[in-house]
Amino acid sequence: MVDVEVIEDPAAAEAALDPARARLLAQLSEPRSATMLAAAIGLPRQKVNYHLRTLERHGLVELVEERRKGNVTERMLRATAASYVISPAALAAVAPDPARAPDRLSARWLLALAAQLVRDAGDLITGSAKANKRLATFAMDGEVRFASPADRAAFTEELTRAVTALVAKYHDEGATGGRDHRLVIAVHPSVRSAEGKR
């Protein structure tokens, strides 16, 4: 089981989004049978089996072992990942594209960049897993409280200058064997949950 799996196939995304199947995936961090799952989520075993077959067909659950119990073979299944992210690639025809509206101050452009990031990260994770190689990435997450909109604007300008200087210092267009890397920086208001937590 991996920590996070990116779902790119539209049919697999549809299967995972079904409420009953999403509940089953949440229960399958440890191997369980249809009988065990039926008791845990309150659905008939036959219905659980139907949903499990669908999830298995789309590669979201996997068979861990089969056990003989009298005349019945009990199948123990587990989710393939602890959590799932649906890539915008699953909605390729209508996925957001940052190139369509490159307005650096637009929340919609930020969302399009985030969608591209999920899509790219999904492709990279899939590729590195197939090649059995580690993926070199770096991410930062933090919070800053601005006293005023003017301070926020000044911060944005200073951040832009600093990042532009760093890119100019390290970017080597002609580097033989060099590899391009995408840099995404976002500043947006923090979102708080109903409990007041970020």
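Draft legend 1. Layout of the nonpolar core. Formed by 19 residues in total, the largest nonpolar core has its most connected members in L24, L25, V48 and L52. For this core, the secondary-structure elements that each account for two or more residues are helix 1 (10-17), helix 2 (19-27), helix 3 (34-41), helix 4 (45-57) and strand 3 (72-79). Among the elements that line this core, the one with the most residues is helix 3, at four residues. Setting aside anything within four residues of it in sequence, one finds L52 in contact with L24, L28, A34, L37, V61 and L77.

Draft legend 2. Expanded view of the pattern of salt bridges. Enumeration over the complete set of coordinates arrives at seven salt bridges. Residue E56 pairs with R75 through a salt bridge whose shortest N-O separation is 2.9 Å. Taken together, the residues span a long stretch of sequence, with E56 in helix 4 and R75 in strand 3 at a distance of 19 residues. Close ionic contact of K69 with E74 constitutes a salt bridge, the shortest N to O distance being 4.0 Å. E74 gets classed as buried once you look at its relative accessible area, which sits at 12%. Each of E65, R67, K69 and E74 takes part in salt bridges that share partners, so that together they form one network.

Draft legend 3. Spotlight on unusual backbone geometry. Phi at N132 takes a positive value of approximately 55 degrees, unusual for a residue other than glycine. Looking at the secondary structure, you find N132 in the loop between helix 5 (107-131) and helix 6 (149-170).

Draft legend 4. Representation of the side chain of R119 within the structure. Secondary-structure assignment places R119 in helix 5. Although R119 is buried, it makes no salt bridge; D120 carries the closest opposite charge, 5.0 Å away.

Draft legend 5. Summary view of the packing of helix 2 against helix 3. Remark: helix 2 packs on helix 3, axes separated minimally by 11 Å, with the N-to-C direction vectors making an angle of 110 degrees. Taken as axis vectors, helix 2 and helix 3 run roughly perpendicular relative to one another. The element helix 2 and its partner helix 3 pack so that their crossing is right-handed. For the pair helix 2 and helix 3, the contacting residues are R23, L24 and Q27 in the first and L37, A40 and I41 in the second. Partitioning the contact of helix 2 with helix 3 into residue classes produces four nonpolar, one polar and one charged.

Draft legend 6. Highlighting the environment of D172. Structurally, D172 can be placed in the segment after helix 6. Residues D172 and T35 lie 137 residues apart in sequence; the distance between their C-alpha atoms is 59 Å.

Draft legend 7. Inspection of a nonpolar patch on the surface at higher detail. Taken together, V144, F155 and V187 make up a surface patch of nonpolar side chains, about 230 Å² in accessible area. Checked against the element boundaries, V144 lands in the loop between helix 5 and helix 6. Using a relative accessible area of 45% as the deciding quantity, one classes V144 as partly exposed.

Draft legend 8. Just the pairing of strand 2 (residues 61-69), in detail. Pairing analysis gives eight bridges linking strand 2 to strand 3, with the strands arranged antiparallel. Bridge assignment links L63 to a residue of strand 3, and that residue is L77. What sits between strand 2 and strand 3 in their antiparallel hairpin is a turn of two residues, with G70 showing a positive phi close to 65 degrees.

Rules of the game
- Residues numbered from 1 in each chain as written.
- Predicted model: local features only at pLDDT ≥ 70, side-chain atom pairs only at ≥ 80, totals over all residues.
- Heavy atoms only, no water.
- Core = buried A, V, L, I, M, F, W, Y, C linked by side-chain atoms within 4.5 Å.
- Buried < 20%, exposed > 50% of the residue type's maximum accessible area, 1.4 Å probe, protein only.
- Helix = DSSP H or I, 4+ residues; strand = E, 2+ residues; numbered from the N terminus.
- Contact = heavy atoms within 4.5 Å.
- Salt bridge = Lys/Arg side-chain N within 4 Å of Asp/Glu carboxyl O.
- Lys, Arg positive; Asp, Glu negative; His and termini not counted.
- Axes fitted to C-alpha atoms, helices over the stretch in contact; angles between N-to-C directions.
- Parallel < 35°, antiparallel > 145°, perpendicular 65-115°, else oblique.
- Left-handed = near helix turned anticlockwise from the far one by under 90°.
- Nonpolar A, V, L, I, M, F, W, Y, C, P; charged D, E, K, R; others polar.
- Patch = residues over 30% accessible without salt bridge, like charges linked within 9 Å, V, L, I, M, F, W, Y side chains within 5 Å.
- Areas by Shrake-Rupley, 256 points an atom, 1.4 Å probe, with all protein chains shown as cover.
- Pairing = 2+ DSSP bridges.

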